[in-house]
Amino acid sequence: MSQRDLAAELRGARITAPSELRLRVRLIAAADATPTRRFTWRRALVVALPVAAAIAASIVFTRPSDHQAVGTVTTRQVAHGAVHGALPQVGKAFGAPATADSAGAAKL
Amino acid sequence: MTFAQAAEAHLDDVYGYLAWFTGDRAAADDLAGETFERALRLWHRFDPRRGSARIWLCQVARTVALDHFRSERRRTRREQLAAVPERFEEQFAEGLSHDLQAALDILTAGEREVVALRVVLDFDAVTAANVLGISPTNCTTRLNRALKKLEEALHVAA
C-alpha cells in the first residue's frame, strides 16, 4: 500500500463523538450563553479617554479668550458706572439727602 | 463565532484527535469533556486573527492530554503497578481495514498524534507543528517515520 493510499484510508476513517459526550459539551457551552459584564482596564480606558477628551475640549473651547476677557471687563465697568450714576438720581427723586451734613442740618 | 458554535462545529475533530493521541476512546471521551471545560474558561483569550477555533481547540486538547499522561504516570509509579504496554484499541475507527488497525498498534502516542493532525485532521505542516510545539521540519520527519512504519507493518501483514 502506498503512502497516498494509506493517507486516504486514514483520512476516511470516521471517529465521531458519542452522543453523551455531545450532550455534555452542549451543557458546558450553555454556561457561556449568559453574558457577563466583565470590567477590564482596557474597556475602561476605551470609554474614559474619549469622555475625558470631550470634557477637556468643552472646557478649552468655552473658556473666554484674553480678548474676550478685556471686553467683558470694560462692559462690566460701564455697567457699574451706569448703575452708580443712576443711584443719586433715584435718591433725589425720593427726597433722600444728597450728603450727611444736609441730613444733620435738616434735623436741627 | 460564539463558544457554543465553535464547540458544536469542532467536537468531532477534538474527540478524534484525542482518540488518536491516547489510543483509547474512553479516555478521549473524558479528556474531550475536560478540554471544552478548560476552553470555555480560556475562551476570552482566543484571538481569531491568530488562527482558527479548530486549531486553538486542538492545542487546548493537547495540553489536557499531556496533563493526563503526566498524572497517570505519577499515579502508576505511586501505586507501583507493572507497566502496562501501550496498546492501541481495537476497532478504533470505522472505515479502517483490520490490517491497518493492527499496524496502528506499533506506533507511539507521538507518532499517532502527528498522523492525526497531519493526515486525519489535514492540518498543514506549520499548523500541526504549532500545535505540537516543534518545528515544521521535525513534524514532517515524525510523520514520514510514522507512515513508513505503517507501510512496513502492512507489507509484513500482507
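Note that the structure is a prediction, hence the values are computed from the model and not measured. (Residues numbered from 1 in each chain as written. Chains lettered and ligands numbered in written order. Predicted model: local features only at pLDDT ≥ 70, side-chain atom pairs only at ≥ 80, totals over all residues. Heavy atoms only, no water.)

Engineer: Would you mind going over the packing of aromatic side chains with me for this structure?
Structural biologist: The description of an aromatic ring pair rests on the distance of the ring centres and on the angle between the ring planes. Residue and element names in this part refer to chain B. Applying the stated criterion to the full structure yields 6 aromatic pairs over all chains. For the pair W43 and W56, a centre-to-centre distance of 5.6 Å together with 70 degrees between the ring planes defines the contact as edge-to-face. In this pair, W43 sits in the loop between α2 (25-42) and α3 (53-79) while W56 sits in helix α3, placing the two residues 13 residues apart along the sequence. Accessibility classification places W43 together with W56 in one group, the buried group. Joined through ring pairs, the aromatic side chains of F3, W43, F46 and W56 make up one cluster. (Phe/Tyr/Trp six-rings, centres within 6.5 Å; stacked < 30°, edge-to-face > 60°. Helix = DSSP H or I, 4+ residues; strand = E, 2+ residues; numbered from the N terminus. Buried < 20%, exposed > 50% of the residue type's maximum accessible area, 1.4 Å probe, protein only.)

Engineer: Would you mind showing me how to read the interface of chain B and chain A here?
Structural biologist: Many structure descriptions define interface size as the accessible area lost when the parts assemble. Across the contact, 40 residues belong to chain B and 25 residues belong to chain A. A buried area of about 2700 Å², summed over both sides, lies between chain B and chain A, and 63% of it is on carbon and sulfur atoms. Of all residues in chain B, the largest losses of buried area upon contact with chain A belong to E8, L11 and D12 of chain B, amounting jointly to 18% of the total for that side. Our enumeration of links across chain B and chain A arrives at 5 salt bridges. In this structure, the connection of chain B to chain A is made through 7 residue pairs in polar contact (both at pLDDT 80 or more). Put simply, the parts of the chain that give the side of chain B that touches chain A at least two residues each are α1 (3-22), α2, α4 (98-104), α5 (109-120) and α7 (136-157) of chain B. If you tally residues by element for the side of chain B that touches chain A, the top one is α1 of chain B, at 10 residues. Looking at the side of chain B that touches chain A residue by residue, the classes come out as 22 nonpolar, 6 polar and 12 charged. (Contact = heavy atoms within 4.5 Å. Buried area = accessible area lost by both parts, 1.4 Å probe. Salt bridge = Lys/Arg side-chain N within 4 Å of Asp/Glu carboxyl O. Polar contact = N/O pair within 3.5 Å; in protein donor to acceptor, adjacent residues only side chain to side chain. Nonpolar A, V, L, I, M, F, W, Y, C, P; charged D, E, K, R; others polar.)

Engineer: How should helix α1 (residues 3-12) of chain A be read in this particular structure?
Structural biologist: Spacing of three or four residues puts side chains on the same side of an α-helix, whose turn is 3.6 residues. When we look at burial in α1 of chain A, the residues that qualify are L6, A7, E9 and L10 of chain A. Taken down its axis, α1 of chain A places every buried residue within 165 degrees of arc, on the same side. (Arc of directions from axis to C-beta.)

Engineer: For this particular structure, what's the right way to read unusual backbone geometry?
Structural biologist: Comment: phi is negative for the bulk of residues other than glycine, and the bulk of peptide bonds are trans. Within the chain, D122 of chain B stands out as a residue other than glycine whose phi angle is a positive 65 degrees. Inspection of the secondary structure assignment puts D122 of chain B in the loop between α5 and α6 (125-132).

Engineer: Got a minute to help me understand helix α2 (residues 19-30) of chain A in this structure?
Structural biologist: The end-to-end C-alpha separation of α2 of chain A is 16 Å, in line with the 16 Å expected for 12 residues at 1.5 Å each. Restricting attention to buried positions, one finds in α2 of chain A the residues L21, R22, V25, I28 and A29 of chain A. With its buried residues spanning 120 degrees around the axis, α2 of chain A presents them on a single face. Projecting away from the buried face of α2 of chain A at angles above 90 degrees are the exposed residues S19, E20, L23 and L27 of chain A. Residues of α2 of chain A that are buried in the fold lie against α1 and α2 of chain B. (Expected span 1.5 Å × (residues − 1).)

Engineer: Which parts of the structure should I look at to understand the pattern of salt bridges?
Structural biologist: When charged atoms on two side chains of opposite charge get close, those side chains can pair. One pass over the structure, following the stated rule, counts 13 salt bridges over all chains. When the shortest N-O distance is used, the salt bridge between R22 of chain A and E8 of chain B registers 3.2 Å. Linking R22 of chain A in helix α2 with E8 of chain B in helix α1, this pair reaches from one chain into another. The class of E8 of chain B is partly exposed, set by a relative accessible area of 34%. A salt bridge links R54 of chain B to D13 of chain B, with the nearest nitrogen and oxygen atoms 2.8 Å apart. Of the two residues, R54 of chain B is situated in helix α3 and D13 of chain B in helix α1; the sequence distance between them amounts to 41 residues. Classification of R54 of chain B as partly exposed rests on a relative accessible area of 23%.

This is a description of form; function is not addressed.
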